[in-house]
Amino acid sequence: MITGKFPSLRLRRSRKNEWSRRLIQENNLTASDFILPIFLIEGKNKKIPVKSMQGVFRHTLDKLPSIIDKSLKMNLPMIALFPNTKTNKKNKKGSEALNEDNLVCRAIQLIKKRYKNQIGIMCDVALDPYTSHGHDGLLKSKYVLNDETVEVLIKQSLLQAQMGCDVLAPSDMMDGRIGKIRKSLDKSGYNMTQILSYAVKYASGYYGPFRDAVGSKGLLNGNKKNYQMDFRNSDEALREVALDIKEGADMVMVKPGLPYLDIIKSVKENFKVPVLAYQVSGEYSLLTNGINKRLIDNDVIIESLTSFKRAGANAIVSYFADRLDKILK
Ligand code: PBG
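In this text, all values refer to a predicted model and were calculated from it rather than measured experimentally.

## Some words on the site of the ligand
Surveying the vicinity of the ligand reveals 17 residues, the closest of which are K201, R211, K255, S281 and Y319. In the model, an oxygen atom of the ligand is placed 3.0 Å from a nitrogen or oxygen of the Q228 side chain. Bound to the protein, the ligand loses 100% of the 400 Å² it would expose on its own. A per-class count over the shell around the ligand returns seven nonpolar, three polar and seven charged.

This is the structure:
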């Protein structure tokens, strides 16, 4: 496959000038490749910094229009909503997830009313922003129950779809939930609501700052290893994806991103479905801290993001997405 030989072949020839480097670029990023996560809080006219993620804020709902306006101006296709639920609204069962007046529901309605279908809305399906123990599902003797949790996730999905959510993203790692959610959506007339399965979600140390942002950090007892994947495994990732596609997932997510580029590539090569990558909070904070401390240059952001594209991702969830105008230039 590799032809030619030195000195008639000199690969540096095409790298000599900027125009020539541009000419042979294999991968490029555009705004259409990005999804912006937005953290929501109760209250009015507030923008509260997430300490562990410099440059990221939690916003009250009245701040949404200015964020969406900017996202539209940059041409982002979709945003993702994450609630920071007040502690007094959290309980063991995460019942606030099913409250039609919760933060996410109000946010979806507000955006839909104002922006119609100009931008996609994605919502997590999982209970961790709502449970007093910080786990994604219902607990029994410290174990996250599968089938019982799925029943709640079906209701949470249906509620978010009714509010106008375009893309439901189950991030809970329960078995069998995609099929059950798809079936219930179809039965209720939401057969055009998409499902983006976090099919391959690893039990990762890189989620720390996110748990701070949604306020589940101090609450989480134990870890998520009995439902999220072991980072030592890759064949298992393909089994997860195969199941979710069969069950009706429109797109699949690999998460975290950077430490799992091999997984993005093999999912893409094996299944030829839309694959999304999540550049998670820990990745964001590591890059940001390195840049702020002047250990590394700003360009590492685009280098890191481009690696997802090179590996085969169709789109990337990134906390940098609100600054793309500067990053992509
Ligand atoms: C929860 C959820 C998590 C993230 C997105 N949805 C954290 C977790 O599973 O504990 C992490 C995102 C990030 O770290 O940026 N279902």
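The rest of the description comes next.
## A word on the nonpolar core
With 103 residues, the main nonpolar core has F39, L81 and M122 as its most contacted residues. Top element by residues in this core is helix α4 (residues 146-163). It accounts for eight residues. Excluding anything up to four places from it in sequence, F39 contacts V50, M53, V56, F57, R58, H59, F82, F210, A213, V214 and Y319.

## Observations regarding the pattern of salt bridges
Side chains that carry opposite charge are capable of pairing whenever their charged atoms lie near each other. With the rule as written, the count across this model stands at 16 salt bridges. Note that K89 is salt-bridged to E42, the shortest N-O span being 3.6 Å. Of this pair, K89 sits in the loop between β4 (78-83) and α3 (103-115) while E42 is found in the loop between β1 (34-40) and β2 (47-49), placing the two residues 47 residues apart along the sequence. For D101, the salt bridge goes to R106, with nearest N and O atoms at 3.9 Å. Judged by relative accessible area, which is 49%, D101 ranks as partly exposed. Relative accessible area serves as the criterion here: at 25%, R106 is assigned to the partly exposed category. Each of E42, K89, D101 and R106 takes part in one network of salt bridges that share partners.

## Regarding unusual backbone geometry
For the peptide bond that leads from F6 to P7, omega is 10°, which places it in the cis range. One can find P7 in the segment before α1 (18-23). Positioned with a positive phi, K116 is a non-glycine residue whose angle comes to about 50°. Looking at the element boundaries, K116 is found in the loop between α3 and β5 (120-125).

## Regarding empty space enclosed by the protein
According to the stated counting rule, one finds four cavities of 30 Å³ or more in the structure shown. Each pocket or cavity is described by its volume, and for the largest cavity that value is around 130 Å³. Forming the boundary of the largest cavity are 16 residues, of which D128, K201, Y207, F210 and K255 lie nearest the centre. Of the residues belonging to the lining of the largest cavity, the class tally is six nonpolar, three polar and seven charged. Looking at the second largest cavity, its volume works out to about 80 Å³. Those elements that place two or more of their residues in the lining of the second largest cavity are β4, β5 and α4. In terms of residue count, the dominant contributor to the lining of the second largest cavity is β4 (three residues). Residue classes in the lining of the second largest cavity are distributed as nine nonpolar, three polar and two charged.

## Observations regarding a positive patch on the surface
A cluster of basic residues, R10, R12, R13 and R15, forms a positive patch on the protein surface. Residue placement: R10 occurs in the segment before α1. The exposure class assigned to R10 is partly exposed, which follows from its relative accessible area of 42%.

## A short note on the packing of aromatic side chains
According to the stated counting rule, one finds nine aromatic pairs in the structure shown. For the ring pair Y278 and Y319, a centre distance of 6.1 Å and an interplane angle of 50° mean the geometry is tilted. On the criterion of sequence distance, the pair formed by Y278 in strand β11 (residues 275-279) and Y319 in the loop between β12 (315-318) and α11 (324-328) is long-range, its members being 41 residues apart. Take Y278 and Y319: they sit in the same class, and that class is buried. Ring plane angle 45° and centroid distance 4.6 Å describe the contact between Y284 and F320, whose orientation is recorded as tilted.

## A look at helix α10 (residues 300-311)
Helix length check: α10, at twelve residues, gives a terminal C-alpha distance of 17 Å against a target of 16 Å (1.5 Å per residue), a fit within 8%. Across the twelve residues that make up α10, a large majority, nine, are buried. Listed in full, the buried residues belonging to α10 are V300, I301, S304, L305, T306, S307, F308, K309 and A311. Two residues or fewer after α10 comes G312, characterised by a positive phi angle close to 120°.

Definitions and cut-offs
Residues numbered from 1 in each chain as written. Predicted model: local features only at pLDDT ≥ 70, side-chain atom pairs only at ≥ 80, totals over all residues. Heavy atoms only, no water. Near = heavy atom within 4 Å. Polar contact = N/O pair within 3.5 Å; in protein donor to acceptor, adjacent residues only side chain to side chain. Areas by Shrake-Rupley, 256 points an atom, 1.4 Å probe, with all protein chains shown as cover. Nonpolar A, V, L, I, M, F, W, Y, C, P; charged D, E, K, R; others polar. Core = buried A, V, L, I, M, F, W, Y, C linked by side-chain atoms within 4.5 Å. Buried < 20%, exposed > 50% of the residue type's maximum accessible area, 1.4 Å probe, protein only. Helix = DSSP H or I, 4+ residues; strand = E, 2+ residues; numbered from the N terminus. Contact = heavy atoms within 4.5 Å. Salt bridge = Lys/Arg side-chain N within 4 Å of Asp/Glu carboxyl O. 1 Å grid on protein atoms, 1.4 Å probe; cavity = no way out; pocket = protein on both sides within 12 Å on 5 of 7 lines; lining within 4 Å. Points joined across faces, edges and corners; volume = space filled by probe spheres on them. Patch = residues over 30% accessible without salt bridge, like charges linked within 9 Å, V, L, I, M, F, W, Y side chains within 5 Å. Lys, Arg positive; Asp, Glu negative; His and termini not counted. Charge placed at Lys NZ, Arg CZ, Asp CG, Glu CD. Phe/Tyr/Trp six-rings, centres within 6.5 Å; stacked < 30°, edge-to-face > 60°. Expected span 1.5 Å × (residues − 1).

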